[in-house]
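# A closer look at the structure
Next come the chains, spelled out residue by residue.
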Amino acid sequence: MTLTFAATLPDRGFDVELDVAEGRTLALLGPNGAGKSTALGLAAGTLRPHDGHVTLDGRPLVHAEAGRTRTWVPPHARQVALLAQEALLFPHLSVRQNVAFGPRSQGARRREADAAADRRLADVGLASLADRAPSTLSGGQAQRVAVARALAAEPRLLLLDEPMAALDVEVTPALRQSLKHLLAEQTTVITTHDVLDALLLADEIAVIDGGRVVERGATADVLARPRSTFAAKIAGLNLLAGTWTGDGVRTTAGEVVHGHAPGDGLAVGVPMTAVFRPAAVSVYLDEQHGSPRNTFRGTVTSLEPRGDLVRVRTGHLAADVTPQSVAELSLVPGAQVWLSVKAAEVDVYPG
Amino acid sequence: MTLTFAATLPDRGFDVELDVAEGRTLALLGPNGAGKSTALGLAAGTLRPHDGHVTLDGRPLVHAEAGRTRTWVPPHARQVALLAQEALLFPHLSVRQNVAFGPRSQGARRREADAAADRRLADVGLASLADRAPSTLSGGQAQRVAVARALAAEPRLLLLDEPMAALDVEVTPALRQSLKHLLAEQTTVITTHDVLDALLLADEIAVIDGGRVVERGATADVLARPRSTFAAKIAGLNLLAGTWTGDGVRTTAGEVVHGHAPGDGLAVGVPMTAVFRPAAVSVYLDEQHGSPRNTFRGTVTSLEPRGDLVRVRTGHLAADVTPQSVAELSLVPGAQVWLSVKAAEVDVYPG
Amino acid sequence: MTSLVPGPHRASHRPSGTVRPAGEPAVGLPRWAFVPAAVGGLLVLLPLVAMGSRVDWSSFASLITSESSLAALGLSLRTAATSTLLCLVLGIPMALVLARARFAGLDLLRSLVLVPLVLPPVVGGIALLYTFGRRGLLGSSMEVLGVQIAFSTTAVVLAQTFVALPFLVISLEGSLRTAGTRYDVVAASLGARPTTVLRRVTLPLVWPGLASGTVLSFARALGEFGATITFAGSLQGVTRTLPLEIYLQRETDPDAAVALSFLLVLVAVLVIASTRTHRRVR
Amino acid sequence: MTSLVPGPHRASHRPSGTVRPAGEPAVGLPRWAFVPAAVGGLLVLLPLVAMGSRVDWSSFASLITSESSLAALGLSLRTAATSTLLCLVLGIPMALVLARARFAGLDLLRSLVLVPLVLPPVVGGIALLYTFGRRGLLGSSMEVLGVQIAFSTTAVVLAQTFVALPFLVISLEGSLRTAGTRYDVVAASLGARPTTVLRRVTLPLVWPGLASGTVLSFARALGEFGATITFAGSLQGVTRTLPLEIYLQRETDPDAAVALSFLLVLVAVLVIASTRTHRRVR
Amino acid sequence: GPAAGGDVGTSAGTTTLTVFAAASLQHAFEQVATEFEARHEGVDVRLSLAGSADLVAQVQQGAPADVVATASTATMDRLAADNLVGAPQAFATNALQIAVPPGNPAGVETLADLTDPGLALVLCAPEVPCGAASAAVEEAAGLHLRPVSEERSVTDVLGKVTTGEADAGLVYVTDVAAAGDGVEGIAFPESSAAPTTYPVATVAGSAEPALAQEFVHLVLAAEGRATLLNLGFGAP
Ligand SMILES: Nc1ncnc2c1ncn2[C@@H]1O[C@H](COP(=O)(O)OP(=O)(O)OP(=O)(O)O)[C@@H](O)[C@H]1O
Ligand SMILES: Nc1ncnc2c1ncn2[C@@H]1O[C@H](COP(=O)(O)OP(=O)(O)OP(=O)(O)O)[C@@H](O)[C@H]1O
Ligand SMILES: [Mg+2]
Ligand SMILES: [Mg+2]
């Protein structure tokens, strides 16, 4: 492992272990206040752990025991670049000088550093703004310059805290594409609220909630078979957790969900999770009876257009239906509905 | 109209006219640096126009001619609240005091102001953080407090500059839902890069690019029949502009696109736009011949997972295909492909 | 908000036993900075130590509790407090105008406001006499109104305010510029009138600068000698402040002067230490 | 970065003919602020005007170009410049340590560093004698090294540095606290060593505070009298700076003293005006 | 009695007499003032003490003084020239002495010893009274002194000597006496060449001219003389 990380910060209820292999990218997902930025701060050296250690390429960066810091490499000596959530461009330097700051600080000559800066600015599509003052940039432009500045520092470990927030649709795919290219060989931890970033950029995903890692795995696995509500929400899947009854999963609310089980021989009572896609869910105004299907009662909480379809949400489930259906059924927030899904569409697996 | 706005700022190449009717919400869309924040700043009074005027409820807020400001209502007297792109919570006040700042400044008693603040904090789901210092909030939490603070000021006109950036998937729909509710009667201008915000919150959309309004209309119309590339990109539609040839639209690149025309009697040579959904586009590795279809040659620039499908982009077009197709065709960025779409799927309209 | 450890511990790649709060931001101060800082500290502290070693501590108590010393101390504290208040009342608006208003001649005005800093205090006192004295610029018109300022306690306050005002103005102006106006803009857009913005946002945000400015001007007022003796004279209980008392003692009893200076220093350190200048801001 | 118009134009809801740059942020200064600011300005300016009205301009030129005046002026400029440099070298690290280091006794240290501000300068001079004088704390060890400070230009510089140092430290510390450390953290994470961070980020960001601090300490050094005469003595060309020359002239020719004071003020205003204290920062 | 103005003036039932005196006269005038108050029921004498040049500037600017006493005739003459005071009268003289640190480390015995180039000598500047006296003595003795510093006041010269910074200085007899153990005084015959005279006068604008005149009389009378002689001053 290039990066191994295990740290606690009792003040913030933070207790996380992570590792990232050389050249890989880990995406940290999780709700606001989960501890994503805290994890990055601990790795960058802008925060000190209460307990734990961080090592990079086998070199200990910090080691703390019960609040005593025993090893401490200061931030500038870590070769870890952190792009924070706020752009924080140095207000007294031009855009080019901002991006050249990392190379210059690491001993590059002005000419080389400026050339590197111009390359990075081109990568984020802002070569033409090189001589501007940061105060004259728009919010999204500033964020892109900050990305370029972090990349230009050529760190051993790159930490990106929501680099895509505030970018426009036109530039996001382009930047995502160049990041994909640039991060190919780069050991990176990225936090994001956009599942596309994770899908496209990350080899692995860790979901943090309430200061703990609640889920961890290869990107495709986590998004296909999420175990946490949060991962399911980002993956856009419905997820119901409960215990195995022998032929289905009983949730704490007492609903039983039938679906594909991974095999026989499961003990009754073991924790299981049922997962299904919103597109597989149908919406009715009254209860349906018939061949094997799962039916859930709910109240519509929101309607969101989603491409050609409309996503209908009830408390804990989502269904994707056509706009016509919405019109025919007169779906509005507050409407009482039955959601149903064929057992064949439901995956059930332990966890 | 409640808000009428017409202002230029030659320094920034900004020249925009807008209006918003009482109680309506206007979404400003456009690429980074288009001038969205500039427009909001001019309305809020944090910037002065070179030429032009802003009136709210018939009351002139600013009137300038050739750089001379002739009428000027200072920001605090405008009843216009601006939520900027950065949260900028007052660092010396608690979260509750931050939110209560608007009501207090407008003469409310401490108790009323605190009660109002607590209500608004509950709206954004952060009632439990009321006594925290802003420096102890996560990025997303801070942004939500800033939303609450702007709402608590109960302005005649609310200006929201990307209020949803940096929010997690879990809270975004909830906040969007409460904003929808809160903005129902509120005259609002919101800037966003997320088409869902526009779809759900805005009655009308104005697309700004390079400091000018390039498109303007009811939300549904603009997204269904975008005239600008940018609107089309956010709407997720393909758009090709050109001139009418009698049976199709000829683009500047020389391609001819066939589709539904709105009727007969169109003069050859008039500007026309062809629009079609990515889902209607098929991808082939060699050119197809046969019944009426449009075929375009292109190089794959990116592949993005999008729900159950993968969006394949070439220079100016997008196609949504199944992951299986991607695998079978070995699509990777750089691959040469032919995109084809049936004429029946293409809408053509003037503009 | 910020905390940085003293050098020796910071850059250690080797284990070390430092105890410091977890979670604190941890960015380094260059280690070499502690060397000149220590030299500077010694330059200021050694003379104090040397002075302390010469004080005749046995007679210290009786000396500083003599009637004339106590009268001078009381007068000094009263006048310095009043002048500091005046400096705040006049200086905060001046700093705001210098930092944020924009009109022709502002740069010249800024330089002129600094003049009392550079004027030898006695010359400052003469200038004040030329202005507020009986035969001064305003003196005759004020005499008509029955006001006579020179050689009264008012004159002491005026002299102290004159010399101390630039300290407040300059250090507050620097802080105002460093802080910028982003938060003020937000406050205004929430409906806060300029006065409310000033009271609830601008001043709390520049609190460290305001506090240093206040301390600087209080200290300068407390130590003021030259302008006072020239403009206000040296009458016990009326205009003879502690520095004037020290000056007089020195003519006849240099040891007593040193002891009284120690009293002055003590008072200043107590007053300054009781004002927390470093409220947490961010 | 910031620009605010004088009151009368700002809050006008009626048309008015103000010309001001478009695009500038426009947040108000309370209108009433201009009243105390003007009073404060007058308090400082009127005495200068009164002084100017008493100068005998016909003999002004010959007076300020006399040999002794020129020698004193030259010495003053040289020593004040040197002391300001010393203040920067010692004071910047001191301000950094006070603002950002954290160790026991820091608060006490901060109060002690202020002591030269409040000490009557003459007493400061005595304290310096007790320290660096022949029989002082360090004097004997220095004599062994063959260094004699007393009655030399070095003593003048030392006295000026002693009194001027706190000015730099206090105003810079206030600015450092106001600025916070967010940008420093970013710079460190980009690989900049603490010294690089200091040079390329911290100091440029607190430029307004550093500039005011420098101006304050230069002005204080230029006007320094009491500590110099006590510690360094007064010999033409060696230790007699312009303020000492002014005091001496005053004994025989008060008009000449006022004229020389004018020269001092002029020089200070020129030097200060040529240092731009208000670089745009944000 | 009539108020002099501001805070300086009458408090209930008492008359205030304000005396401006050179700082070196502090002890002498305190004793005279006590005596004066004892003789004049209801009169409060207030001393304002500063350097002679300060006193002159203050009186010129209309300070509410009744009596002024300076340490040199030159300064008093400036007031007389402006008709701001009544006729000045000499009430004391003073003579120079060589002041050396305790133990006389440089072994100074005569005025001629002060020409030793290795000796750190401090004098008053010629612009101030004690400096003028030093220059006169120097000329009378036909010596050429090279001081390391020309101080602005006697106090500054004494300061250098008491701290041992200077090996010797020329100050007044009274200053040596007042400094106690801090210095040793060495009398020298050439000092008679330059006696310094202390003048006192009533201030023209005084609100209490009669009382002021009585105070001047007391200073000049035998009682005042005795006090001054006790402190080392000579008779005029
Ligand atoms: N203070 C300024 N001085 C000069 N030009 C500026 C200034 N601020 C912004 N600009 C320029 O004005 C243009 C419009 O900026 P604006 O901030 O309005 O963009 P925006 O549409 O809000 O973009 P974003 O989506 O990135 O926030 C940009 O080209 C920007 O570089
Ligand atoms: N300086 C601080 N002191 C105390 N608690 C803090 C501090 N900064 C953050 N916290 C708390 O620690 C928790 C984790 O914060 P963190 O910034 O790591 O969240 P995050 O996952 O990055 O969230 P977001 O998506 O909103 O950026 C939050 O509950 C936050 O309120
Ligand atoms: Mg975060
Ligand atoms: Mg913007």
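Given the structure is predicted, the values throughout are model-derived calculations rather than measurements. (Residues numbered from 1 in each chain as written. Chains lettered and ligands numbered in written order. Predicted model: local features only at pLDDT ≥ 70, side-chain atom pairs only at ≥ 80, totals over all residues. Heavy atoms only, no water.)

## Observations regarding the site of ligand 1
- Around ligand 1, a shell composed of 20 residues is seen, among which Arg132, Ser138 and Gly140 of chain A together with Ser37 and Thr38 of chain B lie nearest.
- Of the chains in the model, those with residues near ligand 1 are chains A and B.
- Between ligand 1 and serine 135 of chain A, the relevant distance is 3.3 Å, taken from a nitrogen atom to a main-chain nitrogen or oxygen of the residue.
- Interatomic distance of 3.2 Å between a side-chain N/O atom of arginine 12 of chain B and a nitrogen atom of ligand 1.
- A total of 640 Å² of accessible area belongs to ligand 1 in isolation, and the protein chains cover 84% of it. (Near = heavy atom within 4 Å. Polar contact = N/O pair within 3.5 Å; in protein donor to acceptor, adjacent residues only side chain to side chain. Areas by Shrake-Rupley, 256 points an atom, 1.4 Å probe, with all protein chains shown as cover.)

## Overview of the relation of the copies chain D and chain C
- For the pair chain D and chain C, the best superposition has an RMSD of 0.2 Å and corresponds to a rotation of 180° with a translation of 0.0 Å parallel to the axis. Classification of the inter-copy transformation places it as that of a two-fold axis.
- Most of the interface of chain D is mirrored in chain C: 97% of its interface residues are interface residues there too. (Least-squares fit on C-alpha atoms with pLDDT ≥ 70 in both. Contact = heavy atoms within 4.5 Å.)

## Things to note about the state of the cysteines
All names here are of chain E.
- Overall, the coordinates contain one disulfide over all chains when judged by the stated rule.
- Two residues share a disulfide in this structure: cysteine 124 and cysteine 130, whose sulfurs sit 1.8 Å from each other. Between cysteine 124 and cysteine 130, the disulfide has an S-S torsion of -100° and is therefore left-handed.
- The exposure class assigned to cysteine 124 is buried, which follows from its relative accessible area of 3%. (Disulfide = S-S within 2.5 Å. Buried < 20%, exposed > 50% of the residue type's maximum accessible area, 1.4 Å probe, protein only.)

## Side note on the site of ligand 2
- Taken together, 20 residues are adjacent to ligand 2, and Ser37 and Thr38 of chain A together with Arg132, Ser138 and Gly140 of chain B come closest.
- Residues lining ligand 2 come from chains A and B.
- Between ligand 2 and alanine 34 of chain A there is a distance of 3.2 Å, counted from an oxygen atom to a backbone nitrogen or oxygen.
- Contact with the protein chains covers 84% of the free accessible surface of ligand 2, which is 640 Å².
- Listing elements by their share of the shell around ligand 2, those giving two or more residues are α1 (36-44) of chain A together with α4 (139-152) of chain B.
- Of the residues belonging to the shell around ligand 2, the class tally is three nonpolar, 13 polar and four charged. (Helix = DSSP H or I, 4+ residues; strand = E, 2+ residues; numbered from the N terminus. Nonpolar A, V, L, I, M, F, W, Y, C, P; charged D, E, K, R; others polar.)

## Overview of the interface of chain D and chain C
- Each partner contributes residues to the interface: chain D has 113 residues there, and chain C has 111 residues.
- Interface area for chain D against chain C, summed over the two sides, is near 9,800 Å², with a carbon-plus-sulfur share of 77%.
- Summed over the shared surface of chain D and chain C, the result is zero salt bridges.
- Between chain D and chain C we count two residue pairs in polar contact (both at pLDDT 80 or more) in total.
- Here the side of chain D that touches chain C gets 16 residues from one element, more than from any other, and that element is helix α2 (residues 34-54) of chain D.
- Here the residues of the side of chain D that touches chain C sort into 75 nonpolar, 23 polar and 15 charged. (Buried area = accessible area lost by both parts, 1.4 Å probe. Salt bridge = Lys/Arg side-chain N within 4 Å of Asp/Glu carboxyl O.)

## As for the confidence of the model for chain A
- Chain-level statistics for chain A give a pLDDT mean of 82 and a share of 85% at 70 or above.
- Per-residue pLDDT, averaged within each element of chain A, yields its smallest value for helix α5 (residues 171-182) of chain A (66) and its largest for helix α2 (residues 95-105) of chain A (93). (pLDDT = per-residue confidence, 0-100.)

## Details of the sheet that holds strand β7 (residues 80-83) of chain B
All names here are of chain B.
- Reading across from one edge, β7-β8-β9-β3-β10-β11 is the order of the six strands in this open sheet, with mixed pairing throughout. A single partner strand is all that each edge strand has here, and the edge strands are β7 and β11 (212-218). Across the sheet, the mean angle from the axis of one strand to that of its neighbour is 15°, orientation sign disregarded.
- Relative to strand β9 (residues 187-191), strand β3 (residues 25-29) runs parallel, the two sharing four bridges. (Pairing = 2+ DSSP bridges. Axes fitted to C-alpha atoms, helices over the stretch in contact; angles between N-to-C directions.)

## A few points about the packing of helix α2 (residues 34-54) of chain C against helix α5 (residues 106-113) of chain D
- Viewed as axis vectors pointing N to C, α2 of chain C and α5 of chain D meet at an angle of 80°, and their least axial separation amounts to 10 Å. Comparing their axes, α5 of chain D and α2 of chain C come out roughly perpendicular. Contact with α2 of chain C, carried on its side by Val44, Leu45 and Leu48 of chain C, involves Leu109, Leu112 and Val113 of chain D of α5 of chain D and no other residues of that element. (Parallel < 35°, antiparallel > 145°, perpendicular 65-115°, else oblique.)

## Some remarks on the UniProt feature "transmembrane region" (unreviewed entry) in chain C
Residues and elements named next belong to chain C.
- In the UniProt entry, the feature "transmembrane region" (unreviewed entry) is given for residues 32-50, 70-96, 108-132, 144-170 and 256-273.
- In residues 32-50, helix accounts for 89% and strand for 0%; the two terminal C-alpha atoms are 27 Å from one another.
- As annotated, residues 256-273 comprises 100% helix and 0% strand, and the C-alpha atoms at either end are separated by 26 Å. (UniProt positions renumbered as here; feature names shortened; annotations may be inferred.)

## Brief notes about the packing of aromatic side chains
- Evaluation of the coordinates by the stated rule reveals 18 aromatic pairs over all chains.
- Consider the rings of phenylalanine 90 of chain B and tyrosine 183 of chain C, whose centres lie 6.3 Å apart with planes at 50°: the pair is tilted. Of the two residues, phenylalanine 90 of chain B is situated in the loop between β7 and α2 (95-105) and tyrosine 183 of chain C in helix α10 (residues 182-189); the pairing between them involves two chains.
- Following the ring pairs from residue to residue traces out a cluster consisting of Phe29, Phe36, Phe91, Tyr198, Phe215 and Phe233 of chain E.
- Here the guanidinium or amino end of arginine 78 of chain A rests over the ring plane of tryptophan 72 of chain A, the centre of that ring lying 4.7 Å away.
- Over the aromatic face of phenylalanine 90 of chain A sits the side chain of arginine 149 of chain A, whose NZ or CZ is 4.8 Å from the ring centroid. (Phe/Tyr/Trp six-rings, centres within 6.5 Å; stacked < 30°, edge-to-face > 60°. Lys NZ or Arg CZ within 6 Å of the ring centre and 35° of its normal.)

## Section: the packing of helix α4 (residues 67-100) of chain C against helix α9 (residues 153-179) of chain C
Residue and element names in this part refer to chain C.
- Axis separation between α4 and α9 bottoms out at 6 Å; the angle between their running directions is 40°. Comparing the axis directions of α4 and α9 gives the class oblique. α4 and α9 meet at a crossing whose hand is right-handed.
- Broken down by class, the residue content of the contact of α4 with α9 amounts to 20 nonpolar, seven polar and three charged. (Left-handed = near helix turned anticlockwise from the far one by under 90°.)

## Focus: the pattern of salt bridges
- Across all of its chains, the model carries 34 salt bridges over all chains by this definition.
- Between aspartate 184 of chain D and arginine 100 of chain D there is a salt bridge, with the nearest N and O atoms lying 2.9 Å from each other. Linking aspartate 184 of chain D in helix α10 (residues 182-189) with arginine 100 of chain D in helix α4 (residues 67-100), this pair joins segments that are 84 residues apart in sequence. Across this residue pair, the class does not change: aspartate 184 of chain D and arginine 100 of chain D are buried.
- Residue glutamate 35 of chain E is joined to arginine 39 of chain E by a salt bridge in which the shortest nitrogen-to-oxygen separation is 3.1 Å. A residue pair is termed a helical-turn pair when its members lie 3 or 4 positions apart in one helix, as glutamate 35 of chain E and arginine 39 of chain E do in helix α1 (residues 26-39) at four residues.
- Residues joined by salt bridges that share partners form a network here, namely Asp19, Arg24, Glu204 and Arg216 of chain A.

## Quick notes on the nonpolar core
- Residues Phe231 of chain C together with Phe29, Phe91, Ile98, Leu114 and Phe215 of chain E are the most contacted members of the largest nonpolar core, which totals 254 residues.
- What phenylalanine 231 of chain C contacts, discounting residues up to four positions off in sequence, is Gly125, Leu128, Leu129, Phe132, Ile149, Ala150, Phe151, Ala155, Leu158 and Ala159 of chain C. (Core = buried A, V, L, I, M, F, W, Y, C linked by side-chain atoms within 4.5 Å.)

## A look at the pairing of strand β5 (residues 59-65) of chain A
Residue and element names in this part refer to chain A.
- Bridge count between strand β4 (residues 51-56) and β5: five bridges; the pairing is antiparallel. For histidine 53, the partnering residue across the bridge sits in β5 and is histidine 63.
- As paired strands, β5 and strand β6 (residues 68-72) are joined by four bridges and run antiparallel to one another. Across the sheet, the residue bridging to glutamate 65 is arginine 68, located in β6.
- In textbook terms, the turn of a hairpin is the stretch between consecutive antiparallel strands, and for β5 and β6 this stretch comprises two residues, one of which, alanine 66, has a positive phi near 50°.

## Focus on α2 of chain D
- Look at α2 of chain D: 30 Å from first C-alpha to last across 21 residues, which is about the 30 Å you get at 1.5 Å a residue.
- Most pronounced at leucine 43 of chain D, the bend in α2 of chain D amounts to some 30°, and the proline proline 47 of chain D follows within four residues. (Expected span 1.5 Å × (residues − 1). Bend = angle between axes of the 7 residues up to and from the residue.)

## Here we look at the sheet that holds strand β6 (residues 68-72) of chain B
Residues and elements named next belong to chain B.
- On the basis of which strands lie adjacent, the open sheet formed by five strands has the order β2-β1-β4-β5-β6 and antiparallel pairing. Looking at the sheet topology across the chains shown, the edges are occupied by β2 (14-20) and β6. The average angle at which neighbouring strand axes cross in this sheet is 10°, direction not considered.
- Bridge count for strand β1 (residues 3-9) against β2 is seven bridges, and the pairing is antiparallel. Counterpart to threonine 8 in the pairing with β2 is aspartate 15.
- Against the sheet, helix α1 (residues 36-44) contacts β1, β2, β4 (51-56) and β5 (59-65), and its axis sits at roughly 115° relative to β1.

## Side note on the side chain of threonine 241 of chain C
- Within the element layout of this structure, threonine 241 of chain C appears in the loop between α13 (226-231) and α14 (242-252).
- Discounting chain neighbours no more than four positions away, the residues touching threonine 241 of chain C are Ala72, Leu75, Ser76, Thr79, Val156, Gln160 and Glu224 of chain C.

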